[in-house]
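As a plain string of letters, each chain reads:
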Amino acid sequence: MRWRRGSADRDRPVTELDLLAVDLETTGLDPSRHEVLSVGMVPVHGLSIALGGARGYAVRPAGPGGVGESAAVHGITDDTAAGARSLSEVLPVVLAALEGRVLLAHHARIETGFLDAACRGHGVALPDLVVVDTVRLQRRVLRRGRSHAQVADQELGLAAARRHLGLPRYRSHDALTDALACAELYLAQVAALAGDGTMTLRQLQ
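Model, not experiment: these values are computed from the prediction. (Residues numbered from 1 in each chain as written. Predicted model: local features only at pLDDT ≥ 70, side-chain atom pairs only at ≥ 80, totals over all residues. Heavy atoms only, no water.)

Trainee: Quick rundown of the packing of aromatic side chains? Include the residues and the values.
Mentor: For the coordinates displayed, the defined rule picks out 0 aromatic pairs. Seen from the ring of tyrosine 170, arginine 162 lies directly overhead, with NZ or CZ sitting 4.4 Å from the centre. (Phe/Tyr/Trp six-rings, centres within 6.5 Å; stacked < 30°, edge-to-face > 60°. Lys NZ or Arg CZ within 6 Å of the ring centre and 35° of its normal.)

Structural data, given as structure tokens:
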């Protein structure tokens, strides 16, 4: 399922964009059979991160399998998840936060896939959103100045991308921390790609 492309003004400069960095922790990578366990969201206004608007939500899995083996990745246990909100409670909050904003994510296919599945599963209309993926931006960053166009997959991970741009190391697989890490990475990528000039939303995609 493709995320619908929004009708935002693609000639808008990045200095005027409102984005929302989103990260999901899940029980696996397949939205058709795995579940969302936590959501992290960090607003970006132009070239500034609005830390006051950052939010993180734990989500209780609906299925009988609980968090399963994914606990080894993110550290979320069945006991922790049992006390969390249901996805039906958290999903409207996420969609409201995305209203009027560009969705920003690292490897955005994961976030859009699970949000698509969540909307369909709860009978909610798919939002009309524009998506910026920091993996795609990082590929462009890495290709600059290279005589060959190849970029290795291991260079595109969130931690590796941040390291390449001189950003500090954060603990991974925490939704709120990863959303903040994505927001910071985006700003560093824009600075690297734009140089002394300006970029538009169209040039981010």
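Trainee: Which residues make up the packing of helix α5 (residues 134–143) against helix α7 (residues 175–194), and what are the values?
Mentor: To describe two helices that pack against each other, one gives the angle between their axes and the distance between the axes. Put simply, α5 and α7 touch, their axes get as near as 10 Å, and they point 35 degrees apart. For the pair α5 and α7, the sense of crossing is left-handed. Across the interface between the two elements, Thr134, Leu137, Gln138, Arg140 and Val141 of α5 pack against Cys182, Leu185, Tyr186, Gln189, Ala192 and Leu193 of α7. Along the lines of polarity and charge, the residues of the contact of α5 with α7 split into 7 nonpolar, 3 polar and 1 charged. (Axes fitted to C-alpha atoms, helices over the stretch in contact; angles between N-to-C directions. Helix = DSSP H or I, 4+ residues; strand = E, 2+ residues; numbered from the N terminus. Left-handed = near helix turned anticlockwise from the far one by under 90°. Contact = heavy atoms within 4.5 Å. Nonpolar A, V, L, I, M, F, W, Y, C, P; charged D, E, K, R; others polar.)

Trainee: Tell me about the pairing of strand β1 (residues 18–26), residues and numbers included.
Mentor: Extensive coverage of β1 is indicated by the burial of 8 of its 9 residues. Looking at chain direction, β1 and strand β2 (residues 36–45) are connected through 9 bridges and run antiparallel. Bridged to leucine 19 within β2 is valine 44. Of the strand pairs in this sheet, β1 and strand β6 (residues 102–105) are connected by 3 bridges, and their pairing is parallel. The partner of alanine 21 across the bridge, within β6, is leucine 104. (Buried < 20%, exposed > 50% of the residue type's maximum accessible area, 1.4 Å probe, protein only. Pairing = 2+ DSSP bridges.)

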